[in-house]
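# Examination of the molecular architecture
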Amino acid sequence: VIPYLDEVDEKAAAIGAVNTIVNREGRLYGYNTDFYGMSELIRHAGIVIKDKKVAILGTGGTSKTARAVATHLGAKEIITVSRDPNGDQITYGELLSEHANTDVIINTTPVGMYPNNGETLLDLGKFTNLKAAVDVIYNPLKTKFISDAEKLGVAAVSGLLMLVAQAVMAR
């Protein structure tokens with residue numbers, strides 16, 4: 001839809017996707033409310049991204065949002081992790097073996113979502129510098145990924161606030 005819009009918000013352009021279109025006097029403006037939702041989720045949880053090493057789990061659309069937000073918030077390094085990596089993506093094994101000093105992990109995959117509660121992609125205890133875990137999943141409210149982070153005393157937040165914030169932004 002982007003080629004048909006008169007203007008695209010810079011944050012939507014950074015993600016490469018629009019999910020809200022506003023018609024203002026016949027001109028079409030494109031926005032991506034996911035950017036706002038994820039930014040609010042991270043801000044509200046008090047998670048600091050600036051100058052941190054961030055790993056993003058997954059390569060779908062929400063992964064692109066996470067990358068754009070982490071870049072906007074000043075991440076020092078951003079690593080994208082995939083089951084089937086290509087380009088500059090790495091495997092989960094490589095994340096553990098080469099990037100155990102990651103500061104923030106953002107899960108953008110559906111792993112751990114209802115009805116597959118109790119599943120997780122990583123043993124968070126292997127990350128020596130982990131300060132925060134962000135999960136975009138909101139059902140269940142507390143995934144195993146989030147529970148594991150909390151047990152380690154790491155700041156952890158689920159995706160419910162992201163869902164609410166992007167809905168508010170879209171109105």
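The structure this text deals with has already been given above.
These remarks concern the structure in this document.

What counts as what
Residues numbered from 1 in each chain as written. Predicted model: local features only at pLDDT ≥ 70, side-chain atom pairs only at ≥ 80, totals over all residues. Heavy atoms only, no water. Helix = DSSP H or I, 4+ residues; strand = E, 2+ residues; numbered from the N terminus. Expected span 1.5 Å × (residues − 1). Buried < 20%, exposed > 50% of the residue type's maximum accessible area, 1.4 Å probe, protein only. Polar contact = N/O pair within 3.5 Å; in protein donor to acceptor, adjacent residues only side chain to side chain. Salt bridge = Lys/Arg side-chain N within 4 Å of Asp/Glu carboxyl O.

Attention now goes to helix α2 (residues 33-44). When the terminal C-alpha atoms of α2 are compared, their 16 Å separation across 12 residues agrees well with the 16 Å that a helix rising 1.5 Å per residue should span. Burial within α2 is extensive, with nine of its 12 residues counted as buried. Measuring from the side-chain oxygen of the N-cap residue of α2 to the backbone nitrogen of Asp34 gives 2.9 Å; that N-cap residue is Asn32. Phi turns positive one or two residues past the end of α2, at Gly46, with a value near 75°.

This paragraph deals with the pattern of salt bridges. Under the criterion given, the structure shown has six salt bridges. For Glu77, the salt bridge is made with Lys53, and the minimal N-O distance between the two is 4.0 Å. Highlighted residues: Glu77 in strand β5 (residues 77-81) and Lys53 in strand β4 (residues 53-57), separated in sequence by 24 residues. Taking relative accessible area as the criterion, Lys53 reaches 7% and is therefore assigned buried. With its nearest N and O atoms 3.2 Å apart, the salt bridge here joins Lys131 to Asp103. Highlighted residues: Lys131 in the loop between β6 (104-107) and β7 (132-135) and Asp103 in the loop between α4 (92-98) and β6, separated in sequence by 28 residues.

Before going further, it helps to examine the side chain of Thr143. Relative to the helices and strands, Thr143 is located in the loop between β7 and α5 (144-151). Looking at Thr143, the relative accessible area reads 2%, which means it is buried.

What follows covers unusual backbone geometry. The peptide bond linking Tyr114 to Pro115 adopts the cis configuration, its omega dihedral lying at 10°. Within the secondary structure, Pro115 sits in the loop between β6 and β7. Backbone geometry places Glu25, a non-glycine residue, at a positive phi of 55°. Mapped onto the secondary structure, Glu25 falls in the loop between β2 (20-24) and β3 (27-31). For Glu25, a relative accessible area of 85% translates into the label exposed. Not every positive phi belongs to a glycine, and Asp51 is a case in point at roughly 65°. Its location among the elements puts Asp51 in the loop between α2 and β4.

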